[in-house]
Each structure stands twice: as C-alpha cells, then as structure tokens.
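# Summary of structural features
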Amino acid sequence: MSQTIYLDWIQNFDLFLFDFDGLLVDTENLHFRAYQELCQRRGNALPWDLNRFMQIAHVDATGVRREISALFPRMVELEVWENLYTEKKAIYESLIEQGNMSLLPGVEPLLLKLASEGKKRCVVTNSTQKQTDAIRARIPALQSIPHWFTRESYERPKPAPDGYLKALQELKSEGDRVIGFEDSMRGYNSLQHAGI
C-alpha cells in the first residue's frame, strides 16, 4: 500500500491536535533518565524500567511524585517536591541539548502530508516552550506545525481539558471535523473532557 493511499484518511478531518512527548517525538526515555539521575544524585536507585515509568507517568499528573515519595520518603521529606521537579526539568533540558531524540515512526510523512494539504494542525503539550523549542530546533519536520500550545499557554495540565479547549478556541471554525492524538490515559482524558 502506498503512502498516499495510507494517508487518504486525513481528508476526513479539518483540524488535527497532537500531543508531543511520546507521540510525535521519542522523549519518554529522556524524562525517565532525568528522574533516574535526580534520584541517583541523592544516593537512590530508581527501581523501574522504561515501561514501568510510562505506566506510572501516563495515568495521572501526580503518579511519579506519589511513587517516588513512597520509594524514597526521606528524599521527599528533606526537599520540597517542586524543587525536585525543577531540578528534574533542568536535567531533562540538558539531555535535550545532547540531541539524542528522533521522531517516532510514521510521524514525518504524516506531518509533511498535512502541511502539503494545508490542514490546520497544532501541538498541545504539558511540556514547556523552552523544552519544545529546543527539540524543534533539532528536528526540522516539527517546523511544519504552525501552532504550539505549551504548558505556559493554559491553566491546568492534562488530564484537565484546558490545553485542548484553548486550541479549539483559537483554531476551530464552525463545522470543522476535529481529531486528536494522544499516547497516555492523561492525554486521552484531556481530549475526552474537551469533547474531542
């Protein structure tokens, strides 16, 4: 089956909403490595593999915090979680700077086809603008997406619908057929709560 035939389904929709981490770009391993390093800096070995990390992180917004607090209560008692999370973000951003990431299979042809067809499209992500800008600078195909709703763009993170509601408010025209893509229960619930 040719790529053109495979992508014919895009004609059924007018607005395409994409998650980012783990859906378009293979960054889940970088988030996991950042948490591993955060714990290692304090003498703790995080006893998860990548699959376990994703099971925890993809369910709800507080899963990783809850599980790390249960594993290493002393670490979390000694430091405010928000400070730990800020450090984790800095570690993650340093891993991005090393440039070890790529699009997931099938993403580039889809993005190029949407661009060539002039379809409305955007990313709605819990990642920050700084993080997404750094990744976009390293993966040229991401430049084809004209609209980005990062964590600074809306009030509550996924699974709340705020990011998707913001995207609909700014991009949806009357009669548009809308489709959203997610790779986690948090994201799926966010889409559902936004009526997508």
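Because the structure is predicted, anything quoted here is derived from the model rather than measured.

Moving on, we get to the overall build of the chain. Within the chain one finds 10 helices and four strands. Secondary structure of the chain in N-to-C order comes out as α-β-α-α-α-α-α-α-β-α-β-α-β-α. Taking 196 residues into account, the globule formula puts the C-alpha radius of gyration at 16 Å, and the chain, at 18 Å, falls close to it. With respect to the principal axes defined by its C-alpha atoms, the chain has extents near 55 × 30 × 30 Å. Within the span of the chain, comprising 196 residues, buried residues form 46% of the whole. Counting only contacts in the chain whose residues sit at least 6 apart along the sequence, the fraction spanning at least 24 positions is 74%. Taken as a whole, the chain presents about 9900 Å² of accessible surface, with 49% of it coming from carbon and sulfur. Charge separation in the chain, taken as the distance between the mean sites of 23 positive and 27 negative side-chain charges, equals 1 Å.

What sets the pattern is the α-helix's 3.6 residues per turn: residues three or four places apart point alike. Of all the positions in helix α10 (residues 185-193), only R186, G187, S190 and L191 are classed as buried. All buried residues of α10 project into a common sector of 135° when viewed along the axis, lining one side. Here the buried face of α10 lies against α3 (50-57), α9 (162-171) and β4 (178-181). Positioned one or two residues after α10, G195 has a phi angle of 80°, which is positive.

The N-to-C vectors of helix α2 (residues 28-40) and α3 enclose an angle of 95°; their axes lie 10 Å apart at closest approach. By the criterion of interaxial angle, the relationship of α2 to α3 is roughly perpendicular. Each of E28, N29, H31, F32 and Y35 in α2 lies in contact with α3, whose residues at this interface are L50, F53 and M54. Residues that form the contact of α2 with α3 fall into these classes: five nonpolar, two polar and one charged.

The next thing to look at is the sheet that holds β4. Spatially, the four strands line up as an open sheet ordered β3-β2-β1-β4, and their pairing is parallel. Strands at the two margins of the open sheet, each flanked by one partner only, are β3 (147-149) and β4. Pairwise comparison of adjacent strand axes, ignoring direction, gives a mean angle of 20° for this sheet. Examined bridge by bridge, strand β1 (residues 15-18) and β4 share four bridges and lie parallel to one another. Pairing of L17 across the sheet is with G180, part of β4.

In this section: the confidence of the model for the chain. Do not read the fine detail of predicted coordinates wherever pLDDT is low. Averaged over every residue, the pLDDT of the chain is 93; the share at 70 or more is 97%. In this model residues 1-5 is a low-confidence stretch, pLDDT under 50, and it forms three contacts with partners more than four residues away in sequence or in other chains.

Conventions and cut-offs
- Residues numbered from 1 in each chain as written.
- Predicted model: local features only at pLDDT ≥ 70, side-chain atom pairs only at ≥ 80, totals over all residues.
- Heavy atoms only, no water.
- Helix = DSSP H or I, 4+ residues; strand = E, 2+ residues; numbered from the N terminus.
- Rg over C-alpha atoms; globule rule 2.2 N^0.38 Å.
- Buried < 20%, exposed > 50% of the residue type's maximum accessible area, 1.4 Å probe, protein only.
- Contact = heavy atoms within 4.5 Å.
- Areas by Shrake-Rupley, 256 points an atom, 1.4 Å probe, with all protein chains shown as cover.
- Lys, Arg positive; Asp, Glu negative; His and termini not counted.
- Charge placed at Lys NZ, Arg CZ, Asp CG, Glu CD.
- Arc of directions from axis to C-beta.
- Axes fitted to C-alpha atoms, helices over the stretch in contact; angles between N-to-C directions.
- Parallel < 35°, antiparallel > 145°, perpendicular 65-115°, else oblique.
- Nonpolar A, V, L, I, M, F, W, Y, C, P; charged D, E, K, R; others polar.
- Pairing = 2+ DSSP bridges.
- pLDDT = per-residue confidence, 0-100.

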